[in-house]
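# A look at the structure
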Amino acid sequence: MRILLVEDEAHLAAAVRDHLIANGETVDWCACLADADAALRSTDYGLVVLDLHMPDGRGIDFLRDMRRRGDGTPVLIASARDQISDRIEGLDSGADDYIVKPYDLDEMIARIGAIKRRHAGTPSPVLMLGTLAIDIVAKRVTSDGEDIPITRREWAILEALLRRANAVLSKEQLEDVLYAFGEDVNSNAVEVHISRLRGKLGRDTIRTLRGVGYSIPR
Amino acid sequence: MTGAPRSIGRRLARNLGLSLGALWFAGVIATGVILYHEQGEMLDDSLRVTAELLLPLARAEYDRAVRNKAALPVVVGPPHVLTQEGAQHVARYRDLPLVFMLRDGRGAVVVRSANTDAVGAVGSRQSGYHEIGDYIVYQTAPDGDGFQIVVGGSQIERTETLIKSVTLLILLLALLIPLGWLALRQALRRATGPMAALNRAIQLRGVANLEPIDFADLPAELRPIVEETNGLMVRLRAALSSERAFAANSAHELRTPVAVALAQTNRLIAEMGDGAIVERARQVEESLKRLGGLIERLLQLTRAEAGIGLSETETELTPVLRLLVDEFRRKAEPARVLRLHEPLLPLRSRMDLDAFGIVVSNLLDNALKHGDPTAPIDVMTPAAGSVAIVNGSTVIPADRLAALMQRHARGHTSGEGLGIGLSIVDALTRQAGGRFRLYSPARSAAGGFEALVTLDTTGVGASG
């Protein structure tokens, strides 16, 4: 999943970004709200991690603007503002969850997993797809109890397709979840990863609509 | 200062009443004195006029007696036998409270009223007023034949008349006293009405309401007080806001560096794999988490001491309780059974939302740290406006329970903490007019520990 990290503290942002990437996510980091707004308008993100205390404005206003213009991208607020009224204000403004600094990065990963599940309409972290059991939180795929090894980029594509099951995602949309800003894009990377996933999960798991894109029927 | 505060209205009524009473008394005395003198002058004049009018009549009586060769002096009135004309005079003068005698040119009394003993001592021929015994007498100047008449009026009679007049005056004025008192009370009530209205307005608005008091209809004497009070409330509001802003900024300034250190340590541990050095990094990670907890407690303490307990508006606090129970369920490590007993009863109160959040967080934190890890934690609302959090525990003696409320008192378990959580709960609950109680065993069980917060719901809903 491609995540937009909005955080002005560079050292914290670096650690969060590294941890998210290590957990199979693609991360774009913005140190101010203006950059975040531009990124959000140009790219389809799976989630925004938002700090409220930003140098060029209030994160809560940024969130309200998002919701006002109909942007339903899930938002996890990560803030030092610890009062219950701050949390209620954040959630009432359209945030999906609120985590208070200092937080454990694994706790953040767990919160992101819970948001993903809620948005995928699957309260359980384990999705059944034929004989496949896909644990969204543990990022683990098993078939009849046997682990199937999945690389970080393969997982990003699989998760993006699962998150919007039955919908068709274009090659460009899948490239968005593979590469952060500034990374070199390999022109046939999506086809390669789809081919590998089919090899591991079964040919019919991912359907191709020629000239349109890919989908996972459920 | 001791005793109940004194009422301005009562003091005014008493002082004005006493002053008016004293003035009334002085007025009665002054009126009596003036009346005495004026009445004296009037009676003296009356005595003189009577003497002047009586002189020719008495001369006529005397001439008649001389003509008839009657014995002198002629006594007008019983017990003496009178002539026909004399009887007419007696009938004419009997009711006069006067004595008189007519003297001839040699000073001999030739005509007199029945009782002239009292004035008989007027030896002088000098005309004018004389005081003789109980009588005031007036003697006319001698007429052409040297005749003089002496007319006397009784002083007792005068005094009685004065007493009657003054008594009548006192009675009339006494009738005015209750009327005056009623008018005074009415006037005072009208005058102190704005004060009473201001008093009621301040009482009704509640201690947390720092909105300016409306003084449009207040009298000029009260306006400066209300203006100053409004100024004070503006400053108090600003001070409270800056305290809150300080706590919020401190939270950011203190938490962010710890967040950076913790996140970097998390990454170090993730990147180092296994080994002895990882164990050290985990210790650092634990210390940073503990530091985060301590910062949270200190910020809570700052907020509690800034007096954030009471809000200006009523709030239903059950959503806060649900939110926090849900949050603690997720973050409890290792996982614990946290049961929220539905349906929740209303928790509508003037307690500040953030203060209630701090109270519930501390109590849940306390239950997680110090409760039996194998027993569930129960969160319930035993009555409207009450929250109880019950955890498993051995029974804690009463003296130990009381000590837990004090600052830096630590639980009997190995759970870490500053020992200020329950004292913060107590302080915030008191600020909001509520009560905080600890029970062990829990009220609904044979064992365990129960923390009960009872919110102040007085007047809740009344203001809509």
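Quick summary incoming for the structure in this document. Please read all numbers here as calculations on a predicted model, not as lab measurements. (Residues numbered from 1 in each chain as written. Chains lettered and ligands numbered in written order. Predicted model: local features only at pLDDT ≥ 70, side-chain atom pairs only at ≥ 80, totals over all residues. Heavy atoms only, no water.)

### Remarks on the interface of chain B and chain A
The condition that has to hold: What makes two residues a contact is simply this: any of their non-hydrogen atoms within 4.5 Å. Summed over both partners, the accessible surface that disappears when two parts come together, traced with a 1.4 Å probe, is what is meant by buried area. Whenever a carboxyl oxygen of Asp or Glu lies within 4 Å of a side-chain nitrogen of Lys or Arg, that contact is scored as a salt bridge. As used in this structure description, the phrase polar contact means that two N or O atoms lie within 3.5 Å; if the pair is within protein, one of them must be able to donate a hydrogen and the other to accept it, and residues adjacent in sequence are counted only when both atoms belong to side chains. Where helices and strands are cited, they refer to DSSP runs of H or I of at least four residues and of E of at least two residues respectively, numbered from the N terminus. Residue type decides the class: Asp, Glu, Lys and Arg count as charged, Ala, Val, Leu, Ile, Met, Phe, Trp, Tyr, Cys and Pro as nonpolar, and the leftover types, Gly among them, as polar.
Listed by partner, the interface residues are 28 residues for chain B and 25 residues for chain A. Among the residues chain B hides against chain A, the three largest losses belong to His252(B), Arg255(B) and Arg267(B). Together they make up 23% of the total. Summed over the shared surface of chain B and chain A, the number is 5 salt bridges. A salt bridge links Arg303(B) to Asp82(A), with the nearest nitrogen and oxygen atoms 3.2 Å apart. Inspection of the chain B/chain A interface yields 11 residue pairs in polar contact (both at pLDDT 80 or more). Ranked by residues supplied to the side of chain B that touches chain A, first place goes to helix 4 (residues 223-272) of chain B with 13 residues. A breakdown of the residues in the side of chain B that touches chain A according to their chemical character gives 13 nonpolar, 6 polar and 9 charged.

### Here's the deal with the pattern of salt bridges
All names here are of chain A. Short version of the rule: For each residue, the accessible area found with a 1.4 Å probe, counting protein chains only, is set against the maximum for its type, and the residue is called buried under 20%, exposed over 50%, and partly exposed in between.
Summed over all chains, the structure comprises 40 salt bridges over all chains. Across the salt bridge formed by Lys101 and Glu7, the nearest N and O atoms sit 3.0 Å from each other. Of this pair, Lys101 sits in the loop between strand 7 (97-100) and helix 5 (105-120) while Glu7 sits in the loop between strand 1 (2-6) and helix 1 (10-22), placing them 94 residues apart in sequence. The class of Lys101 is buried, set by a relative accessible area of 0%. Relative accessible area serves as the criterion here: at 3%, Glu7 is assigned to the buried category.

### Description of the sheet that holds strand 9 (residues 132-135) of chain A
Adjacent strands of a sheet pair through backbone hydrogen bonds, lying either parallel or antiparallel. Residue and element names in this part refer to chain A. This is how the line gets drawn: Note on pairing: two strands pair once DSSP finds at least 2 bridges between them. As a rule, the C-alpha atoms of each element are fitted with a line to give its axis, helices using only the stretch in contact, and angles between N-to-C directions run from 0 to 180 degrees.
Taken together, 4 strands build an open sheet; the order of strands is 8-9-10-11 and the sheet is antiparallel. Each having just a single partner strand, strand 8 (126-129) and strand 11 (146-148) make up the two edges of the open sheet. Direction aside, the axes of adjacent strands within the sheet are offset by 30 degrees on average. By the bridge criterion, 4 bridges tie strand 9 to strand 10 (residues 140-143) in an arrangement that is antiparallel. Its bridge partner lying in strand 10, Ile134 is registered against Val141.

### Brief notes about empty space enclosed by the protein
In plain terms, the rule: The rule is simple: put a 1 Å grid over the protein atoms alone, call a set of points where a 1.4 Å probe fits but cannot get out a cavity, call an open set with protein on both sides within 12 Å along at least five of seven lines a pocket, and count a residue as lining if it has an atom within 4 Å of a point. Grid points are joined across faces, edges and corners, and a volume is the space filled by probe spheres set on the points. All the domain ranges listed were derived from an automatic or database domain assignment.
Scanning the entire structure with this criterion turns up 5 cavities of 30 Å³ or more. Roughly 80 Å³ of internal volume is contained in the largest cavity. Residue lining of the largest cavity: Asp82(A), Gln83(A), Ile84(A), Arg87(A), Glu296(B), Gln300(B), Arg303(B), Leu324(B), Asp354(B), Gly357(B), Ile358(B) and Ser361(B), and that is the complete set. Ranked by the residues each element gives to the lining of the largest cavity, the list is headed by helix 7 (residues 353-370) of chain B, at 4 residues. Classifying every residue of the lining of the largest cavity by side-chain character gives 3 nonpolar, 4 polar and 5 charged. Considered as a void within the structure, the second largest cavity measures approximately 50 Å³ in volume. Lining the second largest cavity are Asn23(A), Glu25(A), Ile109(A), Ile112(A), Gly113(A), Lys116(A), Ile136(A), Val137(A) and Lys139(A). For the lining of the second largest cavity, a count of residues per class yields 4 nonpolar, 2 polar and 3 charged. If you count residues domain by domain, the lining of the second largest cavity takes at least three from each of domain 1 (2-120) and domain 2 (126-215) of chain A.

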